[in-house]
Amino acid sequence: MDCIFCKIANGEIPSTKVYEDETVVAFNDLNPQAPVHILIIPKQHIPSAAQINETNSAVVAHIFEVAARLAKEMKLDNGFRIVNNCGDDAGQTVHHLHFHLLGGSPLGLTFGSAE
Ligand code: AMP
Ligand code: ZN
């Protein structure tokens, strides 16, 4: 399958990984929208949040655990944002489930909102 985030997960495409375990990978976004902009993805190919179901939802809970741990490591003590874009109207450009972890400065209210 020609999926860029599957290739990042298996090391075929380079990325700046900040965390990895058996089920998830976290790496810096190529086009950061904030001082800290990390993408957290399941290693399993799930196209979007619309395909989360009772058999695969545990990885989402795990992603939020990893997000909290990374936020602490990155010293985002003043706050952070977790964003998921699902589908075309939300502007999802990579069709492998991913959560943006953003922080490091006041974020404003525009990320992910309709133009
Ligand atoms: P979304 O619009 O929610 O689908 O976000 C996709 C994100 O993936 C964007 O913020 C891109 O900058 C980021 N991105 C795309 N390709 C790469 C890559 N090879 N390495 C890191 N981030 C990427
Ligand atoms: Zn994939």
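All figures in this text were calculated on a predicted structure; none of them were measured in a lab.

Undergrad: Hey, could you go over the coordination of the zinc ion (ligand 2) for me, with residue numbers and the actual values?
TA: Distances from the zinc ion (ligand 2) to its protein donors, Cys3 (SG), Cys6 (SG), His45 (ND1) and His96 (ND1), fall at 2.0 to 2.3 Å. Coordination at the zinc ion (ligand 2) is tetrahedral, judged from the 4 donor atoms that bind it and the angles of 106 to 116° they form at the metal. Positions of the donor residues of the zinc ion (ligand 2), expressed as sequence spacing, correspond to C-x2-C-x38-H-x50-H. Here Cys3 and Cys6 have matching classes, each one buried.

Undergrad: Please provide a residue-by-residue account of the pattern of salt bridges, values included.
TA: Enumeration over the complete set of coordinates arrives at 3 salt bridges. Lys17 is the salt-bridge partner of Glu20, the closest N and O atoms lying 3.6 Å from each other. Here Glu20 falls in the partly exposed class, since its relative accessible area comes to 40%. A salt bridge links Lys43 to Glu20, with the nearest nitrogen and oxygen atoms 2.9 Å apart. Here Lys43 is found in the loop between strand E3 (36-42) and helix H2 (58-73), whereas its partner Glu20 is found in strand E1 (residues 17-20), with 23 residues between them in sequence. Judged by relative accessible area, which is 29%, Lys43 ranks as partly exposed. In this structure, a network of salt bridges that share partners links the residues Lys17, Glu20 and Lys43.

Undergrad: Give a description of the layout of surface pockets that names residues and reports values.
TA: As a volume, the largest pocket reaches approximately 450 Å³. Considering the residues around the largest pocket, the lining is formed by 23 residues, among which Phe5, Asp29, Leu30, Asn31 and Leu39 are closest to the centre. Within the residue set of the lining of the largest pocket, elements represented by two or more residues are helix H1 (4-9), strand E2 (24-28) and E3. Ranked by residue count, the leading element in the lining of the largest pocket is H1, at 3 residues. Here the residues of the lining of the largest pocket are counted per class, giving 10 nonpolar, 12 polar and 1 charged.

Undergrad: Can you break down the pairing of E3 residue by residue, with the values?
TA: With respect to burial, E3 is a largely interior element, 7 of its 7 residues being buried. Burial along E3 is two-sided: Val36, Ile38, Ile40 and Pro42 facing one way and His37, Leu39 and Ile41 facing the other are all buried. Two elements, E3 and strand E5 (residues 99-103), share 5 bridges in a ladder whose sense is antiparallel. Paired with Ile38 across the two strands is Leu101, which belongs to E5.

Calculation criteria
- Residues numbered from 1 in each chain as written.
- Chains lettered and ligands numbered in written order.
- Predicted model: local features only at pLDDT ≥ 70, side-chain atom pairs only at ≥ 80, totals over all residues.
- Heavy atoms only, no water.
- Donors = N, O, S within 2.8 Å, 3.2 Å for Na, K, Ca; no water.
- Tetrahedral: all angles 85-135°; square planar, octahedral: opposite > 155°, others 65-115°.
- Buried < 20%, exposed > 50% of the residue type's maximum accessible area, 1.4 Å probe, protein only.
- Salt bridge = Lys/Arg side-chain N within 4 Å of Asp/Glu carboxyl O.
- Helix = DSSP H or I, 4+ residues; strand = E, 2+ residues; numbered from the N terminus.
- 1 Å grid on protein atoms, 1.4 Å probe; cavity = no way out; pocket = protein on both sides within 12 Å on 5 of 7 lines; lining within 4 Å.
- Points joined across faces, edges and corners; volume = space filled by probe spheres on them.
- Nonpolar A, V, L, I, M, F, W, Y, C, P; charged D, E, K, R; others polar.
- Pairing = 2+ DSSP bridges.

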